[in-house]
Amino acid sequence: MERFSIIATAAMGLEAVVADEVRRLGYECQVENGKVMFEGDAAAICRANLWLRTADRVKLKIGEFRATTFEELFEQTKALPWADYLPKDASFPVIGKSVKSTLFSVSDCQAIVKKAVVESLKERYRLSWFPETGALYRIEVALHKDIATLTIDASGAGLHKRGYRLRQGEAPLRETLAAALVLLTNWTPDRPFVDPFCGSGTIAIEAALIGQNIAPGFNRDFVSEQWPWIGKQVWECAREEAEALARYDQPLDIIGMDIDPHMVETAKANAAEAGLADLLSFRVGRAEQFRTDKRYGVIVGNPPYGERLGERREVEALYRAIGRAYASLDTWSVYILTAHRGFETHYGRPATKRRKLFNGFIETHYYQYWGPRPPREG
């Protein structure tokens, strides 16, 4: 059984969450900035793509070496076993990036890697020209402090593209970050869940997918499904496993609220596209007006940050209002993501825990207010 070096890339601050997911799939892993590395067979490539909720992409690491000259980059790239991965008709564009490296011209590095791969394939296939009309194998050369890492992207579109988001608002939350916000809480599927700033419904939808253990990639395609050396049967087995592990009969109590009726309709449409319309409840309402007699629930919210000068006072008033409103929910846990550094002051109390996360390029903090654990039944 052939083993592959696999990399799950992660947004800054989410590496530990991605690593937990990789371990839950049964793979030991190592964590570095922006990536989680593990080894697995062809099925692991399929399972990682289907199941990783918080990773950005799944890549295969073909080689890693030190390169400070273009000759070193060429020769060591050429020495890698490219024909083990790329068939004769493979389409293999090369992208690149360079950080703190002697070889700083990305375009030159891309051209040299492309030429080296072609020369490597020529030796194995005894061909002088490659049509590149077949499946896509996007190669990346990433240089960091003179270490070159050569990978092939096994995902295609980023893993955040689940396929259910038909419409979105002005500042949409990536599905991968939304899933992480849920996984970083103490929520379990038997407890109420509320997103009082639901926007296009992403956090609520991701909570439902987690609650019913539905693989986030179940309803989309991946570029590596076209790779002949993995084969359709391996992919079919991975999808059958995902179907068998889903708990479609798990009841859920998940509510999304938003002040904008248009966004509520958008959230409903996205939930329907995800096949979750009957599980989720979306309604128009102000976050500070949320009231309930239910106990031991979880609130996860991504409110406005007040980054524009004219909005700051309005947003701070909102934080004070939800702080007063949620103070009465004495058994609930509250989790709020915002870039506003003064959130705790306006909310009215310090968080149990804070975690730095990035919403795109915006540095935010995830303020966590832990409620009591529900009593054990029986």
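If you're wondering where the values come from, they're calculated on a predicted model, not measured in any experiment. (Residues numbered from 1 in each chain as written. Predicted model: local features only at pLDDT ≥ 70, side-chain atom pairs only at ≥ 80, totals over all residues. Heavy atoms only, no water.)

Caption draft 1: Just the sheet that holds strand E6 (residues 139-144), in detail. Spatial strand order, E2-E3-E1-E4-E7-E6-E5: seven strands in an open sheet with mixed pairing. If you trace the sheet from one side to the other, it starts and ends with strand E2 (29-32) and strand E5 (94-99), each paired once. Sheet twist, expressed as the mean angle between neighbouring strand axes with direction ignored, is 30°. Here seven bridges tie strand E4 (residues 57-66) to strand E7 (residues 147-153), and the two strands are oriented antiparallel to one another. Paired with Lys-59 across the two strands is Asp-153, which belongs to E7. Helix H1 (residues 15-24) rests against strand E1 (4-9), E2 and strand E3 (35-40) of the sheet, and its axis sits at about 170° to E2. (Pairing = 2+ DSSP bridges. Helix = DSSP H or I, 4+ residues; strand = E, 2+ residues; numbered from the N terminus. Axes fitted to C-alpha atoms, helices over the stretch in contact; angles between N-to-C directions. Contact = heavy atoms within 4.5 Å.)

Caption draft 2: Representation of the packing of aromatic side chains in the model. The final tally for this structure, using the stated rule, is 15 aromatic pairs. Pairing Tyr-335 with Tyr-366 gives two aromatic rings, centres 5.8 Å apart and planes at 35°, and the pair type is tilted. Of the two residues, Tyr-335 sits in strand E12 (residues 333-338) while Tyr-366 sits in strand E14 (residues 362-369), which places them 31 residues apart along the sequence. Here the two residues Tyr-335 and Tyr-366 agree in accessibility, since each one is buried. Here a set of aromatic residues connected by ring pairs shows up, and it is made of Phe-4, Tyr-85, Tyr-137, Trp-227 and Trp-229. (Phe/Tyr/Trp six-rings, centres within 6.5 Å; stacked < 30°, edge-to-face > 60°. Buried < 20%, exposed > 50% of the residue type's maximum accessible area, 1.4 Å probe, protein only.)

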